[in-house]
Amino acid sequence: MNSPAQSVEQAAAGARLLGLLARDLPPDRLTSAPLDVAPYATDRSGAPAGGEPLAVVHARRTDDVTTTLRHADALRVPVVPRGAGTGLSGGATAGEGSLILDLSRMNRILELSPDDQLAVVEPGVITADLDRAAAAHGLRYAPDPASAAISTVGGDIATNAGGLRCAKYGVTRDSVLGLEAVLADGTVVRTGRRTVKGVTGYDLTALLTGSEGTLAVITAATVRLRPVPVDTATLAASFDTFDAAADAASAITAAGIEPAMAELLDGPVLAAIDAAEGTALRERGAALLIVQCDGAGARAEAERVVTVLKGRAASVTVAADEAEAGALLAARRLALPALERLGRPLIEDIAVPRSRLAEAVRAIEEISTRRGVPVFTLAHAADGNLHPIIVVDPALPELPEAAWETAGDIFAVALKLGGTLTGEHGVGLLKRQWIAEELGADNHALQRRVKAAFDPYHTLNPGKAV
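Residues numbered from 1 in each chain as written. Predicted model: local features only at pLDDT ≥ 70, side-chain atom pairs only at ≥ 80, totals over all residues. Heavy atoms only, no water.

(A) Representation of the side chain of Thr67. Mapped onto the fold, Thr67 is located in helix H3 (residues 62–75). Overall, Thr67 belongs to the buried group, its relative accessible area being 12%. There is a polar contact of 3.0 Å between the side chain of Thr67 and the backbone oxygen of Asp63. (Helix = DSSP H or I, 4+ residues; strand = E, 2+ residues; numbered from the N terminus. Buried < 20%, exposed > 50% of the residue type's maximum accessible area, 1.4 Å probe, protein only. Polar contact = N/O pair within 3.5 Å; in protein donor to acceptor, adjacent residues only side chain to side chain.)

Structure representation (structure tokens):
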């Protein structure tokens, strides 16, 4: 809580900043009317802004970002970078007196090189749009978050997003070759390279990927593209219990099979999708496992998956064609929108070793029963990443204590099983109170020193991540 004197000083700094930005930015870049600023003050997590932000800068070029950060840093005004606002951890929540830096209008694909299998893009490019542009050359952008149709590449990089294909192709970090980024004081740095290999200096590209806008603002990315697989095979397996489905997913990995994706949905999630879309997924069983294999051996690999699942699943169906496969994957992508119809989702994002997936599932079910709090769970099963989701009444001014207690119990289970608090959504605002428990005191202190080296006055997305 600021003192009256600090509040007056902050207001003066904000007013001075607005004057400088109005002078130095093109006229269409700045929005300061409170009603126009409000929609940019939070992200998809629904975390409350906690005050009235100062204004929004709608950047269109790197120069807009450098000008904004140079002035904000000099005046010690906090800046919250954001893309499409699809984040689920409160990382783009803007507090009292902060300046929002909107990068969604920096949305050009600057280069797409089929020969080098790479693209250079601005941060506001929609993930699915990049994938479609690559497909015209027989390539694809492998990162595939469930929100790919609305999320931006810059946001994916900021959180090191995973997604449906990450079990085989890795998370966003595995597809980022280099970055152009602007430091808190307006300095432009370029990290990485256009080559697949390169170990000169520290790996600042990897450090900035997943840094949640707390170290620098990404203004361009050089990303790796991959050939479109020559074939795919998709199957769906229904189970009588959710933990039986989790056991089956672990058995696929134990058999040495590496599917492109293995998505797991529990009964409550299936029921929510059915209610929203008019489907009948819940009638098949208490859990659904969707597996896709790709590459030249996709059909043979899918047959191996079917063999593993026989005797474990209540039923197994191999998609007859691409349309049927697409419908299955569409159902998975509709899970979160379906839950959002029920209320405000508090979306957790734990990951555990793949061999302990079923243990995590059983523990989450036990926590839900003990706390009396319904938990809807879906998972990227092939890499141990679970999303236990608690849905609360959006009219409540803050999250109920029972929801926080349930979340805390789930995090404790993740750490006990050798896992992590967040596999792909980031720490943001909502998980900061648990981060020291995972990192330990020395690691946490080191990370804060890294933050200070990049952003000495802590103006970049303060109060988030570390």
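On we go.
(B) Fine view of helix H8 (residues 242–254). Here H8 spans 19 Å end to end across 13 residues, near enough to the 18 Å set by a 1.5 Å rise per residue. Structurally, H8 contributes buried residues whose contacts are with strand S12 (232–239), strand S13 (261–266), strand S14 (287–294), helix H10 (298–309), helix H13 (357–371) and strand S18 (376–380). Looking one or two places after H8, you find Gly256, whose phi comes out positive at around 80°. (Expected span 1.5 Å × (residues − 1). Contact = heavy atoms within 4.5 Å.)

(C) Fine view of the sheet that holds strand S4 (residues 99–102). The sheet built from four strands is open, its strands ordered S1-S2-S4-S3 with mixed pairing. At either margin of the open sheet sits one strand with a lone partner, and together these are strand S1 (30–31) and strand S3 (79–82). One ladder, built from four bridges, connects S3 with S4; its direction is parallel. Paired with Arg82 across the two strands is Asp102, which belongs to S4. (Pairing = 2+ DSSP bridges.)

(D) Structural detail: unusual backbone geometry. One non-glycine residue, Glu212, lies in the positive phi region at around 60°. Within the fold, Glu212 resides in the loop between helix H7 (204–208) and strand S10 (217–224). A relative accessible area of 10% means that Glu212 is categorised as buried. Located in the positive-phi region is His458, a residue other than glycine, with phi close to 55°. In this fold, His458 is placed in the segment after helix H16 (441–454). According to the relative accessible area criterion, His458 is partly exposed, its value standing at 40%.

Read these as spatial facts, not as claims about activity.
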